[in-house]
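A look at the structure
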Amino acid sequence: MRSACPGRPPLLLASRNPDDAAALATTLSGAQGVSVEAAIEGADIVVLALGYDAALSVAALPQLVGKIVVDLTNPVLPDFSGLQIGHTTSAAEEIQKVASGARVVKGFNTIFAGLFATDRAATSTVPVFLAGDDHDALSAVAALVEKAGFVPESVGGLDGARLLEPLAMLNIRMGYGLGKGTSRAPTWTEVAA
């Protein structure tokens, strides 16, 4: 992704521990470890790759106003036996309430993190389901999905996250609970009639 700020690297990494962000940045070409606030201020798209409770805390930061925020969270219970919330609201909707000036898009939550390191040829048909209320934000995140080597698949408004989070929980159950592994992702196949 091209940086909107000349002279800045296209990937800013942040952590509550700046030393952790700096160490990870050294492993990635063109990345820089910075504070959470600096990463948000320097980004067009902010990806919340955090647990749900931590994501809610970050969502309250004033630097998110006007930003596109990608919510990867799944509000799983501590023992991974189910979801904290669902069906009448979603993590994405709760994050949107806290980050009221941001444009939240649910995405990447139904695939395991290990798939990002998988060869693009193997992920080129894997859908990343997206839910959001802002058309421009959805388009920007869809482009990010494609750059990451996946296929964007919109499920409609942000309330669609109420369906995506239980789908992710099913994937977690199959991958971990049933021992099928994390090299999997839910997918839909079009069947010719």
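Structure report, in brief. The structure displayed is predicted, hence computed values, not measured ones.

Here we look at the overall build of the protein
- Of the regular secondary structure elements, the protein holds 7 helices and 7 strands.
- Put simply, the protein runs from its N terminus to its C terminus through helices and strands in the order β-α-β-α-β-α-β-α-β-α-β-α-β-α.
- Here the C-alpha radius of gyration of the protein, 16 Å, is about what a compact globule of 193 residues would show, namely 16 Å.
- Across the 193 residues that make up the protein, the buried fraction comes to 40%.
- Intrachain contacts of the protein at a sequence separation of at least 6 include 62% that bridge at least 24 residues.
- Accessible area of the protein: about 10400 Å², with a carbon and sulfur share of 56%.

Notes on the nonpolar core
- Formed by 17 residues in total, the largest nonpolar core has its most connected members in Phe-108, Ile-111, Val-128, Leu-130, Val-141, Val-145 and Phe-150.
- Here the element with the most residues in this core is helix α6 (residues 135–147); it accounts for 6 residues.
- Setting aside residues up to four positions removed in sequence, Phe-150 forms contacts with Phe-108, Ile-111, Leu-115, Phe-116, Thr-123, Val-126, Val-128 and Val-145.
- Counting 16 residues, the second-largest nonpolar core is a separate cluster that includes Ala-43, Leu-48, Ala-102 and Ala-161.

Concerning α6
- Along its 13 residues, α6 runs 19 Å from first to last C-alpha, staying within 8% of the 18 Å computed at 1.5 Å per residue.
- Residues Ala-137, Leu-138, Val-141, Ala-142, Leu-144 and Val-145 constitute the buried set of α6. Here the buried residues of α6 occupy an arc of 160° about the axis, which is enough to place them on one side. Pointing more than 90 degrees away from the buried face of α6 are the exposed residues His-135, Asp-136 and Lys-147.
- Residues of α6 that are buried in the fold lie against β3 (45–48), β4 (68–71), β5 (103–106), β6 (127–132) and β7 (151–154).
- The backbone nitrogen of Asp-136 lies 3.1 Å from a side-chain oxygen of the residue at the head of α6, namely Asp-134.
- Phi turns positive one or two residues past the end of α6, at Gly-149, with a value near 95°.

A closer look at the environment of Pro-75
- Along the chain, Pro-75 turns up in the loop between β4 and α4 (91–98).
- Along the primary structure Pro-75 and Val-65 are separated by 10 residues, whereas in three dimensions their C-alpha atoms are 23 Å apart.
- Look past the residues within four positions of Pro-75 in its chain and what remains in contact with it is Tyr-52, Gly-82, Leu-83, Gln-84, Ile-85, Ala-91 and Glu-165.

Quick word on the environment of Gly-86
- Along the chain, Gly-86 turns up in the loop between β4 and α4.
- In this structure Gly-86 comes out as partly exposed when scored by relative accessible area, which is 26%.
- Residues Gly-86 and Ser-29 lie 57 residues apart in sequence; the distance between their C-alpha atoms is 38 Å.

Quick word on the pairing of β5
- Note: β4 against β5, 4 bridges, orientation parallel. Opposite Val-70, over in β5, you have Val-105 as the bridge partner.
- The handedness of the β4 to β5 crossover, carried by α4, is right-handed.

Some thoughts on the sheet that holds β5
- Strand order across the open sheet formed by 5 strands is β3-β4-β5-β6-β7, with mixed pairing between neighbours. Of all strands in the sheet, those with a lone pairing partner are β3 and β7, marking the two edges. When the angles between neighbouring strand axes are averaged without regard to direction, this sheet yields 30°.
- The strands that α4 touches are β3, β4 and β5; relative to β5, the one it contacts most, it runs at about 170°.

Thoughts on the side chain of Thr-89
- You can see Thr-89 is positioned in the loop between β4 and α4.
- One polar contact links Thr-89 to Glu-94, side chain to side chain, over a distance of 2.6 Å.
- Excluding its chain neighbours within four sequence positions, the residues that come into contact with Thr-89 are Glu-94, Lys-97 and Arg-162.

Conventions used here
Every chain's residues receive numbers from 1 upward, in the order its sequence appears when written. Note on the predicted model: pLDDT of at least 70 is required for a residue's local features to be given, and 80 or more for side-chain atom pairs to be given and counted; whole-chain, interface and lining totals, by contrast, use all residues. Side-chain numbers here rest on the full set of heavy atoms in the structure, without hydrogens or water. Secondary structure follows DSSP: runs of H or I at least 4 residues long count as helices, runs of E at least 2 residues long count as strands, and numbering of each begins at the N terminus. Our radius of gyration looks at C-alpha atoms and nothing else; its globule reference is 2.2 Å times the residue count to the power 0.38. The classification of residues rests on relative accessible area computed with a 1.4 Å probe and restricted to protein chains. Under 20% of the type maximum is buried, over 50% is exposed, and intermediate values are partly exposed. Any two residues whose heavy atoms approach within 4.5 Å are treated as being in contact. Note on areas: Shrake-Rupley with a 1.4 Å probe; residue coverage comes only from the protein chains shown. The criterion is simple. A nonpolar core is a set of buried Ala, Val, Leu, Ile, Met, Phe, Trp, Tyr and Cys residues joined through side-chain atoms within 4.5 Å. Residue count minus one, scaled by 1.5 Å, sets the expected span of a helix. The directions considered for the arc run from the helix axis to the C-beta atoms. We call two N or O atoms a polar contact when they sit within 3.5 Å, provided that within protein one can donate a hydrogen and the other can accept it, with sequence-adjacent residues counted only if both atoms are side-chain atoms. In short, DSSP must find at least two bridges between two strands for them to pair. When the strands point away from the viewer, a crossover counts as right-handed if the route from the first strand across the helix to the second turns clockwise. Here an angle of 0 to 180 degrees is reported between the N-to-C directions of two axes, which are lines fitted to C-alpha atoms, with helices fitted over the stretch in contact.

Note that all results are geometric; they support no functional claim without further evidence.
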